[in-house]
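Observations on the three-dimensional arrangement
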Amino acid sequence: MRKILIANRGEIAVRIIRACRELGIGTVAICSTVDREALHSRLADECYCVGAAPSRKSYLSVAQIMSVAAVSGIDAIHPGYGFLAENHKFAHICQQYKIKFIGPSPQQIKQLGNKVEAKKIAAAAGVRLLQGSADPVAAETEALQVARRIGYPLIIKAAAGGGGRGMKIVHAEEQLKNRFRVAQSEAEAFFGNPQVFIERYLTSPRHVEIQIMADAHGNVIHLGERDCSIQRHHQKIIEEAPCPLVNKKLRLRMGNAALKIARACNYESLGTVEFLLDQNGTFYFIEMNTRIQVEHPVTEMVTGIDLVKEQIKIAAGEKLTRLTSFTQLQGHAIECRINAEDAVTFVPSPGKITDCHLPGGPGVRIDSMIYNGYRVPPDYDSMLGKLIVHGQDREEALARMNRALQELQIEGIKTNINFHSKVINHPAFRRGECSTGFIAELLNSGK
Ligand code: ADP
């Protein structure tokens, strides 16, 4: 591979440019009209403006992106996460034009991108699922039957869902009909697919996911887990590796379950197999993501592996350099997603960064696209970047995150920096005891 087009923006576009540069691969960026001065546009070897600010006119415009691919003479496209990363039709178009899509095959993206299909693959591979409907549920009467079989609380999810959207929790039968209808119409509106399914809702689980890596030669390994239980509105905001509750034995079991799923579909590329872990140490498959994840750096910090470089090498047909899975991870890593938003209402806060100071020192990493004077556009998601720390153990990582958050200053817009400090210093978080309900409980308690 000599030249890669990065079909994305923000911190992940910058991250991919950095990996390419270290590999000696040329980079072609695309940008919208409001992103001409964005860091990814400035850092890439070449940059082409592909359209107006709304994503559908630029970062989602397949025709424009393929035109840039044609004129710039690239070998491959890296989709990052979001935008076109899980769009099997786009991956297919790349294939037809003999451009390597850096990710799995269109078929794998399609199959695994549908949560119902993915659960079928997992079940066939012998991996435990939460009780629920085996197929999409189309009618209210059917929803009622499933609910009577599995009981409450339950959750209605969009088969094509993502980003924590399109999920409805139901606590009692009288709520079912209405929430079922809303879930179906939201699934159609957000994802262009009205299919929904039902599964048991766990009240205080941990979200634990396994990073896997598979090459085109049938080698597949896992790189241990990430704990992503600190979420708001089902979206992750703090992640760590390893998970404080997972010991070597459990890691081995969860890792093997993830590998079984990857092998069952001849998976190729990086992938993340997501599980919910209950209080008894039982884990249930919920979905698989067929792309690089936002939270990939915590795995990089505890394994010493550059996941983006590996992903590119796999796409180039190279064999995995490491062939053994990770049951022992080095030290402890924590990531805080720094968002431009009001910390209480979570309403995005775009605007000009009038001053910023990024922390440094031992064990501190920043993956971000911000700089002094950067104008955060209102058109995209509110994440400004990630602050990641690594320590010899969780205690050192916590102390390091605490001091890095104190050093981090972003002026001119609202951010969630103080909110992160509050969570990091919360006794329950320090004890490693937080489930996915933690943030909602914290906000409800008004503390
Ligand atoms: P998305 O693809 O939108 O991210 P996921 O299926 O990965 O959706 O779920 C996102 C989050 O929603 C999980 O991490 C968890 O907090 C919550 N969740 C999803 N399914 C369940 C469930 N059955 N029980 C409890 N929480 C759930």
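The structure under discussion appears in the preceding block.
The structure presented is a predicted model; accordingly, all values stated were derived computationally and were not measured.

**Topic: the pattern of salt bridges**
The full count for this structure, using the stated rule, is 34 salt bridges. Here Arg 394 ties to Glu 240 by a salt bridge, and the two come within 2.8 Å at their closest N and O atoms. Taken together, the positions of Arg 394 in helix H12 (residues 394–407) and Glu 240 in strand S11 (residues 235–241) put the pair 154 residues apart, joining distant regions of the chain. Note on Arg 394: relative accessible area 14%, which makes it buried. Salt bridges sharing common partners tie together Glu 209, Arg 226, Lys 236, Glu 239, Glu 274, Glu 295 and Arg 337.

**Considerations on the nonpolar core**
Core analysis: the biggest nonpolar cluster contains 39 residues, and Ile 230, Ile 238, Ile 338, Ile 410, Val 423 and Ile 424 have the highest contact counts within it. When contributions to this core are tallied by element, the ones reaching two or more residues are S11, strand S14 (332–339), strand S19 (383–391), H12, helix H13 (417–424), helix H14 (427–430) and helix H15 (438–444). Taken together, domain 1 (3–102) and domain 3 (206–445) each give at least three residues to this core, which thus spans both. With residues up to four places along the chain from it excluded, the contact list for Val 423 reads Ile 230, Ile 238, Phe 429, Phe 438, Ile 439 and Leu 442. Ala 44, Val 302, Leu 320 and Phe 326 belong to the second-largest nonpolar core, a separate cluster that totals 36 residues.

**Some words on the site of the ligand**
Around the ligand sit 22 residues in total, of which Lys 115, Gly 164, His 207, Gln 231 and Glu 287 are the nearest. Glu 199 places a side-chain nitrogen or oxygen 2.9 Å from a nitrogen atom of the ligand. Protein chains shield 95% of the accessible area of the ligand, which is 550 Å² for the free molecule. Counting contributing residues per domain, the shell around the ligand is built from domain 2 (131–200) and domain 3 (206–445), each supplying no fewer than three.

**Topic: the sheet that holds strand S4 (residues 76–78)**
Ordered by their spatial adjacency, five strands build an open sheet running S3-S2-S1-S4-S5, and the pairing between neighbours is parallel. Single-partner strands in this sheet number two, and they are strand S3 (46–51) and strand S5 (100–101). Bridge count between strand S1 (residues 3–6) and S4: three bridges; the pairing is parallel. By the bridge assignment for S4, Ile 4 is matched with Ala 76. In this fold helix H3 (residues 62–72) packs onto S1, strand S2 (26–32), S3 and S4, with an angle of close to 150° to the strand it touches most, S3.

**Topic: the layout of surface pockets**
Here the second largest pocket defines a volume of roughly 150 Å³. In terms of lining residues, the second largest pocket is bounded by Ala 91, Gln 95, Ile 99, Lys 100, Phe 101, Gly 103, Pro 104, Ser 105, Pro 106, Gln 108 and Glu 268.

**Considerations on the packing of aromatic side chains**
Applying the stated criterion to the full structure yields eight aromatic pairs. With centroids separated by 5.9 Å and ring planes inclined at 80°, the aromatic side chains of Phe 190 and Phe 191 adopt a geometry described as edge-to-face. A residue is classified by how much of its surface remains accessible, and Phe 190, at 35% relative accessible area, is partly exposed. The exposure class of Phe 191 is partly exposed, given its relative accessible area of 22%. Relative to Tyr 374, the ring of Tyr 371 lies with its centre 5.4 Å away and its plane at 55°, an arrangement referred to as tilted. Residue classification places Tyr 374 among the buried positions, given a relative accessible area of 3%.

**A look at helix H10 (residues 296–303)**
Note: α-helices contain 3.6 residues per turn, so residues at a spacing of three or four share the same orientation. When you tally the buried positions in H10, you get eight out of eight residues, the bulk of the element. Two residues or fewer after H10 comes Gly 304, characterised by a positive phi angle close to 75°.

**Some points on unusual backbone geometry**
The amide bond that connects Tyr 152 to the next residue, Pro 153, takes the cis arrangement and shows omega of -5°. Relative to the assigned elements, Pro 153 resides in the loop between helix H7 (140–150) and strand S6 (154–158). With an omega of -5°, the peptide bond between Ala 241 and Pro 242 qualifies as cis. In this model, His 233 sits at a positive phi of 50°, which is unusual for a non-glycine residue. With respect to the helices and strands, the residue His 233 is situated in the loop between strand S10 (220–232) and S11. In this structure, Ser 269 takes a positive phi of about 115° despite not being glycine. By secondary structure assignment, the location of Ser 269 is in strand S12 (residues 269–277).

**What to know about empty space enclosed by the protein**
Going through the model one piece at a time under the given rule, you end up with two cavities of 30 Å³ or more. By volume, the largest cavity is sized at about 60 Å³. As for the largest cavity, its lining consists of Ile 338, Leu 358, Ile 366, Ser 368, Ile 370, Leu 384, Gly 385, Lys 386, Leu 387, Leu 408 and Ile 410. Taken together, the elements giving at least two residues each to the lining of the largest cavity come down to strand S17 (364–368) and S19. It is S19 that provides the largest number of residues to the lining of the largest cavity, a total of four residues. Residues of the lining of the largest cavity, tallied by class, amount to eight nonpolar, two polar and one charged. Roughly 30 Å³ of volume is contained in the second largest cavity. Along the walls of the second largest cavity sit Arg 206, Asp 227, Ser 229, Ile 230, Glu 240, Arg 394, Phe 429, Gly 432 and Cys 434, which together make up its complete lining. It is S10 that provides the largest number of residues to the lining of the second largest cavity, a total of three residues. Broken down by class, the residue content of the lining of the second largest cavity amounts to three nonpolar, two polar and four charged.

**Some words on the packing of helix H4 (residues 88–96) against helix H5 (residues 106–113)**
Between H4 and H5, whose axes approach to 8 Å, the crossing angle comes to 175°. In terms of axis orientation, H4 runs roughly antiparallel to H5. Seen from H4, the contacting residues are His 88, Ala 91, His 92 and Gln 95; seen from H5, they are Pro 106, Ile 109 and Lys 110. Split into classes, the residues belonging to the contact of H4 with H5 amount to three nonpolar, three polar and one charged.

Rules used in this analysis
Residues numbered from 1 in each chain as written. Predicted model: local features only at pLDDT ≥ 70, side-chain atom pairs only at ≥ 80, totals over all residues. Heavy atoms only, no water. Salt bridge = Lys/Arg side-chain N within 4 Å of Asp/Glu carboxyl O. Helix = DSSP H or I, 4+ residues; strand = E, 2+ residues; numbered from the N terminus. Buried < 20%, exposed > 50% of the residue type's maximum accessible area, 1.4 Å probe, protein only. Core = buried A, V, L, I, M, F, W, Y, C linked by side-chain atoms within 4.5 Å. Domains from an automatic or database assignment. Contact = heavy atoms within 4.5 Å. Near = heavy atom within 4 Å. Polar contact = N/O pair within 3.5 Å; in protein donor to acceptor, adjacent residues only side chain to side chain. Areas by Shrake-Rupley, 256 points an atom, 1.4 Å probe, with all protein chains shown as cover. Pairing = 2+ DSSP bridges. Axes fitted to C-alpha atoms, helices over the stretch in contact; angles between N-to-C directions. 1 Å grid on protein atoms, 1.4 Å probe; cavity = no way out; pocket = protein on both sides within 12 Å on 5 of 7 lines; lining within 4 Å. Points joined across faces, edges and corners; volume = space filled by probe spheres on them. Phe/Tyr/Trp six-rings, centres within 6.5 Å; stacked < 30°, edge-to-face > 60°. Nonpolar A, V, L, I, M, F, W, Y, C, P; charged D, E, K, R; others polar. Parallel < 35°, antiparallel > 145°, perpendicular 65-115°, else oblique.

Function cannot be read off these values alone, since they describe shape.
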